[in-house]
Each structure stands twice: as structure tokens, then as C-alpha cells.
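Survey of secondary and tertiary structure
This is what each chain is made of:
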Number of protein chains: 2
Amino acid sequence: MDKDKIDKKDHILDVAEKIFAEQGYDGASTRSISGEAGVNMAMLNYYFGSKEGLFIAVFERKISSFRTLIQNIGNDDSKSAWAKLEWCIDSYVERIMSNSCFQKLVNRELSLNKRSDLTEKLTPILMTNVLEFKKIIQEGVDKGLFYEDTDVELAITTIFGTKNYIINSPHMVSLMLGYDVTNEAIMETQLKPRLKIYMKRLLKSYLVKQQ
Amino acid sequence: MDKDKIDKKDHILDVAEKIFAEQGYDGASTRSISGEAGVNMAMLNYYFGSKEGLFIAVFERKISSFRTLIQNIGNDDSKSAWAKLEWCIDSYVERIMSNSCFQKLVNRELSLNKRSDLTEKLTPILMTNVLEFKKIIQEGVDKGLFYEDTDVELAITTIFGTKNYIINSPHMVSLMLGYDVTNEAIMETQLKPRLKIYMKRLLKSYLVKQQ
DNA sequence: CAAAATTAATCAATCGTTTGATTAATTTGC
DNA sequence: GCAAATTAATCAAACGATTGATTAATTTTG
């Protein structure tokens, strides 16, 4: 069946994504990937052409699954800029924290600047989220809801930076918070709600004029 | 002379630090390091025992140079908690942004959890900075200067997260800010002052009660 | 049976490391 | 003080292991 083939490729991609995220591109060998996936090594090249092809494929799959998720709430005029921002923060925390394995992979790949072709492919994707936030914050500033001296761009680096720090340095963060943030249940019941509350209060006090 | 030997080892460490930061541990070959350093390959093993030994040595050197820089301003009672925090932000931005190459290396190494021995060695070092900030913020809360519902720990993840995001994703940040943040001059004249102002205003509005 | 999928075996290239030899510098013995 | 002995530094070459990739043979599938 065709289904089986797709399932198999998908299974390989699952394993590859995990191992790439854990060990990095160079650290992950095609043998370990094929071994963990339970397939012959040659199948990776048969399906994906090369190791780099497999790597790209991991990204393409996730990217296409992200594209459908990108919402455009910015043009909705029934909500205030702050209400939009609250919504974006909630959905962003919810969404990203559930893909931390892949996020880690993306961040590491961007910090190395090898594979500039991949960087160029990833940048516009990640930029859509950036621009989504930027549009909303800028709207708040323009309409006088947010402080005029707001540093819009750096405010965005704080949103992404705080999130990335938790994802990329879970060991440090776990020590700081006193519980294991890599634990799925804790992530869901403790970290996510706490992070949502925090991010909203942080940005509200920085941005919103009257409180 | 002994001086020459130390200089030579130091030169190798300089090159190794740069290449490790650029290409990652696995991506950096001993051949490329020795080649760029202009020394015979065998010298790396002669001096540092192994590739991993060289890697560790890069860290140890920087760590020991950091240790002397760690200030203890927390116990100074002549300044308010907010004044202390301002000072810490300024010096932290100043110091860290000038070592972005090494910082990148640290962050990537922590996101992979290989070499857990190195992680365990790095953690307490990085934690001293964390605890420095925590002590000050906690003091502000306890003395009623800062809001009672402050999330002290996540506030710290924001400080470090914002900084790391700029360091780890300079390509994205450059696109956002409209100038190349990896450029030394721009970093010094534009980014550093801007980041200091921003971080202080962000945390002031989140933390400090009367304004 | 033909096409696609899968396998084991093998490829050249590169990896980190080690070797034995050579040179330079330092210490020792008289 | 100066040859002899010892140590340290450096080198080219080669090591075995592992890498990603490919081949040719085999099995599965429709």
C-alpha cells in the first residue's frame, strides 16, 4: 500500500527529527538514525537522497504543518491591540512549547550559519510570527494605547527570547523554577499557564498606558 | 622561553574557540583548527590530550577569566534594589555582548545535553549570575519596592533570554532592527546602548511600584 | 513477470589519534 | 665552561574507526 510507504517515511522523519534535535546535524549519524528507525541505512538515501536531504525533509514537513497554523489576527478591528496581543501570546506559548524538540533544532541551526540555504528558507517562516507581533504592537503604539517610547523590535526579541531560553536551556530553567520543565505533565500544568500569565503581565506593564 | 609556549597555547585556544563557536563541536575538525592556528595537528593532542580536552580547555580559560569579573553588589545596602538592578543590567549587557562568540558556544553546548560533565561544570558558573539577579529582585519584592505578584524566576529568564536571542539569532535580529548586529561598531554604538535602555525600562515597568 | 522496495556488502573520504623521527632547549657531570 | 645527557617541542606519515554514499543482489508487491 501507498499508506505504508508514507507511514514509513513519516516514521523515519520522526526519528530523524528527534535525533537531530538531540545530537545536532553533525553529531547524528545516518547509521544511528536508520538503526533507531529500524530501517536499512540505504533507505535514507533511497527516500531522501542524502543526509542533508533528510535534514531538509524534516524541516519541510514541519514548516508545511506550521503554515496552516499561522493566523492572521492583526487585521481584526473588533479587538483592541492589547486583546490581540494577549491572544497571540497565549496561542504562541501553547503552540511552541509543544514542539520544543523541533524548536531546539531550529534555534541551533540558526546559531550555526552553515547551510545558509536552509537559513534563508527558515527566515521568512519565522519572520511571519515576528511580523505578526510587530504589526499588533505597532498598532497599539499608533493608536495611542501603548507608550510612544516603546521599543517595538526589542519587545519582540523579549517574547521570542524568553521562550527560546526555556526551550534551549531547560536544565538551567529547571534549576531556577524548581521543577523539571522537560517533563510533559509539568510543562502542561505548571509552566505553560505560568508563562502565559507572566508574559502578559510583563508586556502589559511595559506597553499599555492606563492600567 | 615559557612565555612563547603559553602564547602558543593561548593562540590555539583562541582559534579553537572561534571555530568551535562557528561550526560546533562535531562540525569543527582537529585538522581545520590546527590548520587555521598554523600548528601541526599533533600539537593539539600533545598540549590538550584530545579534541575534547581542547574543548574543555577553551571553557576553562574563559571560566577562570569570568570568575574574577563576578561582582557581588547584592549586599550593598547603600543602593536601592532598583539601583542595583540597573547597575547589573548595564554591566551584564556590556560584558556579555562583548563575548558573543563564546556565549554562542555555551548556549549551543547546553542545548545539546551531550558532555554532561561540562554541563555540570558550566551550570554553577552561569547560576551565579542568575542568583545575583534573583537576590536583587527578591530584595526589591521583600522590601515592598517591587510588586508582590512579581514572577522573580521568569523575570530572570527574560533578562537572559532576550540577551541570548540577540546572540544566537543575529540574522533574525538584524532583519528586525534593520542593521547588522554582528558588526562590532554597530554593536557598540547602537545595540548596546539601546538594549540597556530597553531592558531597564522593561523591568522597571514590570517590577517597580511607584513611577 | 516486471517494478518497486529492501537488503548486505562495499566504497572512498574523513575523522581523531598515535607513532617514530628530528630538532631545539635545558640540565647535568666533570 | 663545555661536552654529554636529558627533556621538550615539532613534524610528516600512517593508524584504525567511522562517516555518508553506492552498488548489486534479493525480496516484496501489484
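This is a predicted model, so every value here is computed, not measured.

**Observations regarding the interface of chain A and chain B**
Contacts between the two partners involve 47 residues from chain A and, on the opposite side, 47 residues from chain B. Of the roughly 4,400 Å² buried at the junction of chain A and chain B (both faces included), carbon and sulfur atoms supply 65%. Broken down residue by residue, the surface that chain A buries against chain B is led by A:M176, A:Y198 and A:R201, which jointly contribute 15%. The tally of links from chain A across to chain B stands at 6 salt bridges. For the side of chain A that touches chain B, the secondary structure elements donating two or more residues are helix 1 (2-27), helix 6 (100-111), helix 7 (116-142), helix 8 (152-168), helix 9 (170-177) and helix 10 (184-207) of chain A.

**A short note on the protein's contact with DNA strand C**
Near DNA strand C you find 16 residues, and of these A:K8, A:Y46, B:R31, B:M41 and B:K51 are the closest. Here the atoms of DNA strand C within 4 Å of the protein split so that 53% fall in sugar or phosphate, with bases taking the remainder. Between a phosphate oxygen of DNA strand C and a side-chain N or O atom of A:Y46, the distance comes to 2.7 Å. In the environment of DNA strand C, a base nitrogen lies 2.8 Å from a nitrogen or oxygen atom belonging to the side chain of B:R31. Take the surface near DNA strand C: its biggest share by element is 4 residues, from helix 3 (residues 41-48) of chain A.

**A look at the domain arrangement of chain A**
Residue and element names in this part refer to chain A. When the domains of chain A are assigned, the result is domain 1 (1-49) and domain 2 (53-207). At the junction of the two partners, domain 1 supplies 16 residues and domain 2 supplies 15 residues. At the boundary of domain 1 with domain 2, total buried surface from both sides reaches about 1,300 Å², with 65% on carbon and sulfur atoms. At the junction of domain 1 and domain 2, the tally comes to 5 salt bridges. Linking domain 1 with domain 2 are 7 residue pairs in polar contact (both at pLDDT 80 or more), by the criterion used here. Sorting the residues of the side of domain 1 that touches domain 2 by element identifies helix 1 and helix 3 as the ones contributing at least two each. Per-element tally for the side of domain 1 that touches domain 2: the top contributor is helix 1, with 13 residues. When its residues are assigned to classes, the side of domain 1 that touches domain 2 shows 9 nonpolar, 1 polar and 6 charged.

**What to know about helix 10 (residues 184-207) of chain B**
Residues and elements named next belong to chain B. The end-to-end C-alpha distance of helix 10 is 32 Å, a good match for the 34 Å that 24 residues give at a rise of 1.5 Å each. A maximum bend of about 35° is found in helix 10 at L191, where proline P193 lies one to four positions downstream. Capping of helix 10 at its N-terminal end is provided by N183; its side-chain oxygen lies 2.8 Å from the backbone amide nitrogen of A185.

**Focus: the pattern of salt bridges**
Residues and elements named next belong to chain B. Here the structure, examined in full by the defined rule, presents 37 salt bridges over all chains. K18 is the salt-bridge partner of E36, the closest N and O atoms lying 2.5 Å from each other. Placement of the pair is E36 in helix 2 (residues 30-37) and K18 in helix 1 (residues 2-27), with a sequence separation of 18 residues. By relative accessible area, which is 35% here, K18 ends up partly exposed. With a shortest N-O distance of 3.1 Å, K114 and D26 are connected by a salt bridge. Pair noted here: K114 is in the loop between helix 6 (100-111) and helix 7 (116-142) and D26 is in helix 1, with a separation of 88 residues, a long-range link. Judged by relative accessible area, K114 falls into the partly exposed class, the value being 24%. By relative accessible area, D26 is classed as partly exposed at 31%.

**Thoughts on the relation of the copies chain A and chain B**
Rotating chain A by 180° about the axis while translating it 0.0 Å along that axis superimposes it on chain B, leaving an RMSD of 0.1 Å. Both copies of the chain, as the preceding transformation shows, are related through a two-fold rotation axis. Rotation axis and chain A: the residue whose C-alpha lies nearest the axis is A:G161, separated from it by 2.1 Å. When the interface residues of chain A are mapped onto chain B, 100% of them are again interface residues, pointing to one common binding face.

Scoring rules and cut-offs
Residues numbered from 1 in each chain as written. Chains lettered and ligands numbered in written order. Predicted model: local features only at pLDDT ≥ 70, side-chain atom pairs only at ≥ 80, totals over all residues. Heavy atoms only, no water. Contact = heavy atoms within 4.5 Å. Buried area = accessible area lost by both parts, 1.4 Å probe. Salt bridge = Lys/Arg side-chain N within 4 Å of Asp/Glu carboxyl O. Helix = DSSP H or I, 4+ residues; strand = E, 2+ residues; numbered from the N terminus. Near = heavy atom within 4 Å. Polar contact = N/O pair within 3.5 Å; in protein donor to acceptor, adjacent residues only side chain to side chain. Domains from an automatic or database assignment. Nonpolar A, V, L, I, M, F, W, Y, C, P; charged D, E, K, R; others polar. Expected span 1.5 Å × (residues − 1). Bend = angle between axes of the 7 residues up to and from the residue. Buried < 20%, exposed > 50% of the residue type's maximum accessible area, 1.4 Å probe, protein only. Least-squares fit on C-alpha atoms with pLDDT ≥ 70 in both.

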